[in-house]
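# Coordinate analysis (summary)
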Amino acid sequence: MHTPTPYPIRPRRVSFDWRDTPLHWIPDEPVATHVINVLHLLLPAGERWFVKVFKEALPLVTDPELLGDVKGFMGQEATHSVQHSYVLDHLAEQGLDTHPYTRHVDWMFDVLLGDEPPAGLPLSRREWLRFRLSLIAAIEQFTAVLGDWILRADGLDRADPDAVMLDLLRWHGAEEVEHRAVAFDMYQHAGGSGLPRYLRRVYGMAVTAPVLLWLWAFGAAYLIRHDPQLRGRLGYTLREHNKAVRKGLLPTWGELGAAIPRYLRRSYHPSQEGSLRNAVAYLATSPAARAAAGAVARAAVS
Ligand SMILES: [Fe+2]
Ligand SMILES: [Fe+2]
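To start, this report covers the structure provided alongside it. Fair warning: this is a prediction, and the values are worked out from it, not measured in the lab.

## Things to note about the overall build of the protein chain
In terms of helices and strands, the protein chain carries 12 helices and zero strands. Starting at the N terminus and ending at the C terminus, the protein chain contains elements arranged as α-α-α-α-α-α-α-α-α-α-α-α. By principal-axis analysis of the C-alpha atoms, the protein chain measures approximately 55 × 50 × 30 Å. Here the protein chain, with 302 residues, has 41% of them falling under the buried criterion. For the protein chain, contacts bridging at least 24 residues in sequence account for 87% of all contacts bridging at least 6.

See below:
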């Protein structure tokens with residue numbers, strides 16, 4: 001059953017000025033900087049793909065409340081995708097070209113996970129759509145966990161990061177917590193019923209978790225290897241990663257790993273993930289979200 005948020009989910013028309021953001025936006029912490037930067041590599045194509053798959057699934061939604069939340073979700077994810085793609089432009093301006101990596105990500109979402117099942121896969125169109133919805137629900141489990149983490153990440157505050165980047169990440173994280181249940185509810189609604197629906201949900205997570213880990217490791221390694229300021233002096237290793245975790249600059253493996261068995265529980269529902277209160281509180285103070293709300297208000301009275 002769909003459990004709507006206490007208020008309608010709507011996109012906020014934010015904008016960010018990247019002109020003064022340094023390449024290492026967490027000072028002297030290139031590993032943590034680039035591990036988090038992997039978000040900018042994956043999300044422009046990934047969130048655009050969410051919107052495309054949801055558009056395909058819209059005719060299956062018969063619950064008007066869910067339909068409203070799904071449309072709000074699509075608006076939020078489309079905005080996230082565009083804002084993260086601007087960061088890639090900024091990285092390119094600073095001498096870090098990400099195209100050789102992102103073209104693989106684009107291929108994965110646009111071709112491998114496109115409208116038709118990959119050649120030779122004996123799946124009906126409906127089953128292919130349900131499978132892709134199960135992937136989105138599983139990915140959204142991690143975005144909710146990461147969103148909640150970034151809102152609470154005191155270690156990041158202590159490291160004095162670039163304020164614009166921190167606002168982008170926390171605005172995005174807060175909206176992820178805000179819409180944490182929508183992809184799951186969409187899957188439950190359009191994914192059939194009973195054991196087949198549950199098993200597909202398990203399968204969706206079994207595919208998502210290792211692929212995400214793999215994309216993340218290769219993405220961080222790519223960024224560190226091609227960072228023009230590091231010039232190959234540093235490699236991406238588990239030891240360096242864990243050092244950043246100990247400083248509170250990255251989430252712990254335990255926090256990330258625990259999200260999986262939680263999601264696999266038959267009775268699971270993501271409305272308990274993270275803190276909606278923290279998310280709403282951040283959105284009320286986020287410079288970008290406040291500026292967007294001001295722009296909407298000004299447009300309404302003019
Ligand atoms: Fe998002
Ligand atoms: Fe999301």
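Read on, since the account is not over.
## Digging into unusual backbone geometry
A positive phi is found at D160, a non-glycine position, where the angle reads about 55 degrees. With respect to the element layout, D160 can be found in the loop between α5 (154–158) and α6 (163–178).

## Brief notes about the nonpolar core
Grouped together as the largest cluster of nonpolar side chains are 70 residues, with contacts concentrated most on A32, V35, V70, L133, I136 and M186. Examining the composition of this core, we find that 15 residues originate from one element, helix α1 (residues 30–57), more than from any other. In this structure, V35 is in contact with A220, H241, A244 and L250, ignoring residues within four places of it in sequence.

## Looking at the environment of V61
Inspection of the secondary structure puts V61 in the loop between α1 and α2 (64–93). A C-alpha to C-alpha distance of 24 Å links V61 and F142, two positions 81 residues apart in sequence. Once residues lying within four places of it in the same chain are set aside, the contact partners of V61 are L66, L67, V70, H189 and A190.

## Concerning the environment of W18
Within the secondary structure layout, W18 lies in the segment before α1. Using a count of 17 C-beta atoms within 10 Å as the deciding quantity, one classes W18 as partly exposed. W18 sits 73 residues away from L91 along the chain, and the two C-alpha atoms are 9.8 Å apart. With residues up to four places along the chain from it excluded, the contact list for W18 reads Y86, V87, H90 and V164.

## Some points on the packing of α1 against helix α4 (residues 125–152)
With their axes 10 Å apart at the nearest point, α1 and α4 run at an angle of 135 degrees to one another. Judged on the interaxial angle alone, α4 and α1 are oblique. Seen from above, α1 lies across α4 with left-handed handedness. On the side of α1, the interface is formed by F50, V53, E56 and A57, while α4 contributes L129, R132, L133 and I136.

Each value, and the rule that gives it
Residues numbered from 1 in each chain as written. Chains lettered and ligands numbered in written order. Predicted model: local features only at pLDDT ≥ 70, side-chain atom pairs only at ≥ 80, totals over all residues. Helix = DSSP H or I, 4+ residues; strand = E, 2+ residues; numbered from the N terminus. Buried ≥ 20, exposed ≤ 12 C-beta atoms within 10 Å, placed from the backbone. Contact = placed C-beta atoms within 7 Å. Core = buried A, V, L, I, M, F, W, Y, C linked by C-beta atoms within 7 Å. Axes fitted to C-alpha atoms, helices over the stretch in contact; angles between N-to-C directions. Parallel < 35°, antiparallel > 145°, perpendicular 65-115°, else oblique. Left-handed = near helix turned anticlockwise from the far one by under 90°.

The values are spatial; any link to function lies outside them.
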